Amino acid sequence: MTLDEPTPRGPAAPGWPLDGPAPQRPLVFAHRGSSAAFAEHTRAAYLQALADGADGVECDVHLTRDQHVVLLHDANLDRTSDGTGPVGDRTLRELRQLDFSSWKGARIPEIYGARSEQLLTLPELLDVLRGAGRPVKLAIELKHPSPYQLKLEDRVLEVLRAEGWDPGSSTVDNVAVTFMSFSPDSVRHLLHSVPPQYICQLVDDLTIHEIRGGLGLGLITGNAVANLMKATQLEGERILDAGLVGLAGPGIEYVRERPETIRRWLEAGRRFRVWTVDSAEDVALCRELGIQEVTSNVPARVLAQLHEASPQGR
């Protein structure tokens, strides 16, 4: 089977509530859709994720100049489109003129929409998920720093309410919604409107040296930015230690490097959503640790491994 053909639907996902008992396998979220197959965040990537049988999908959101919530990871257009410059400087109409899929080099089947239909707003993603014909989970990551600061969170919640979102259950029709951010300010702001069990504090394993080196900045500027990022990480860890939110979102390297922290949060009742879990070794590690959710670029492959490892096929 080629990437040009939709993959057959995988085994049925368990109908498991966000705050219910743990399933016999981790739930699998498609990271930016099935982003190994099609360009990330595109209509094709999300339709493929549903065809792959993913339990849920993950997306990153930014605001356009005219305050539409669009699905993109980067604050700039350069990497994933034929445009350039900040997302927040463009209107939705201007973004519609750009190509967000060709860079991947995968031909999109007609049933997954035209090239001009690949950019998605949050309401358009909800429409895609409503069409799944089964319960689906949606993890929304709010990207910071944002030129619109915490107006991003307010606008996302406004859009969801207009779509029929129920805060108590955090659902829109068949879609169960959770919210994520690396930003402690974002998480604390969300807590004013969203029950804590539906909020995920993301954390990464960062050292000052690694941050400074990766930024490619001068010594003084690099140190200042690195110290700020490290302080953000530590504040996120404090939020999880204090149990202010129900979901912990560490990267897989964090899980490998900090087993004591992972064990402490698990014992304290934190629910885990680990990113980005693609290799067989990492899938096995998460399953052995009792991680409840994993996010992957290759959801079909991860699901196949989990089903093979589970005698109950779940």
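Residues numbered from 1 in each chain as written. Predicted model: local features only at pLDDT ≥ 70, side-chain atom pairs only at ≥ 80, totals over all residues. Heavy atoms only, no water.

Some words on the nonpolar core
Soluble globular proteins: nonpolar side chains tend toward being buried together. Quick reminder of the rule: The term nonpolar core refers to a set of buried residues drawn from Ala, Val, Leu, Ile, Met, Phe, Trp, Tyr and Cys, joined through side-chain atoms within 4.5 Å. The cut-offs for exposure are 20% and 50% of the maximum accessible area for each residue type, with area from a 1.4 Å probe on protein chains only; residues under the lower value are buried, those over the upper are exposed, and the others partly exposed. For this analysis, residues touch if any pair of their heavy atoms sits within 4.5 Å.
In this structure, V61, L122, L138, I140, V156, L160 and F179 are the most contacted members of the largest nonpolar core, which totals 59 residues. With residues up to four places along the chain from it excluded, the contact list for F179 reads I140, L142, V156, L157, L160, W165, S170, L190, V194, Y198, I199 and C200. With nine residues, the next largest nonpolar core counts L72, L77, L95 and F100 among its residues.

Details of the confidence of the model for the protein chain
As a reminder, the rule being used: One confidence number per residue, pLDDT, is output by the predictor and ranges from 0 to 100.
For the protein chain, the average pLDDT comes to 90, and 86% of its residues sit at 70 or higher. Contacts for the low-pLDDT stretch residues 1-22, under 50 throughout, to residues beyond four places or in other chains number 50 contacts.

A short note on the side chain of Q118
Our working definition: Per the convention used, a helix needs a DSSP run of H or I reaching at least four residues, while a strand needs a run of E reaching at least two, with both numbered from the N terminus.
Within the element layout of this structure, Q118 appears in the loop between helix 2 (92-96) and helix 3 (122-130). Setting aside chain neighbours within four positions, we find Q118 in contact with H41, T42, R43, A44, S101, I108, Y112 and G113.

Thoughts on empty space enclosed by the protein
Let me state the cut-off plainly: Computed over the protein atoms alone on a 1 Å grid, cavities are sets of points where a 1.4 Å probe fits but cannot get out and pockets are open sets with protein on both sides within 12 Å along at least five of seven lines; a residue lines them when it has an atom within 4 Å of a point. Grid points are joined across faces, edges and corners, and a volume is the space filled by probe spheres set on the points. For this classification, the nonpolar set comprises Ala, Val, Leu, Ile, Met, Phe, Trp, Tyr, Cys and Pro, the charged set comprises Asp, Glu, Lys and Arg, and every other residue, Gly included, is treated as polar.
If you walk through the whole model with that rule in mind, you get two cavities of 30 Å³ or more. Estimated volume of the largest cavity: approximately 60 Å³. Split into classes, the residues belonging to the lining of the largest cavity amount to five nonpolar, four polar and one charged. Within this model, the second largest cavity holds a volume of roughly 30 Å³.

Quick notes on the layout of surface pockets
Roughly 1200 Å³ of volume is contained in the largest pocket. Surrounding the largest pocket, 37 residues form its lining, K143, H144, P145, F182 and S183 being those nearest its centre. Those elements that place two or more of their residues in the lining of the largest pocket are strand 2 (56-63), strand 4 (136-142), strand 6 (175-181), helix 5 (184-190), strand 7 (199-203) and helix 7 (219-241). A per-element tally of the lining of the largest pocket places helix 7 first, with six residues. Residue composition of the lining of the largest pocket, grouped by class: 14 nonpolar, twelve polar and eleven charged.

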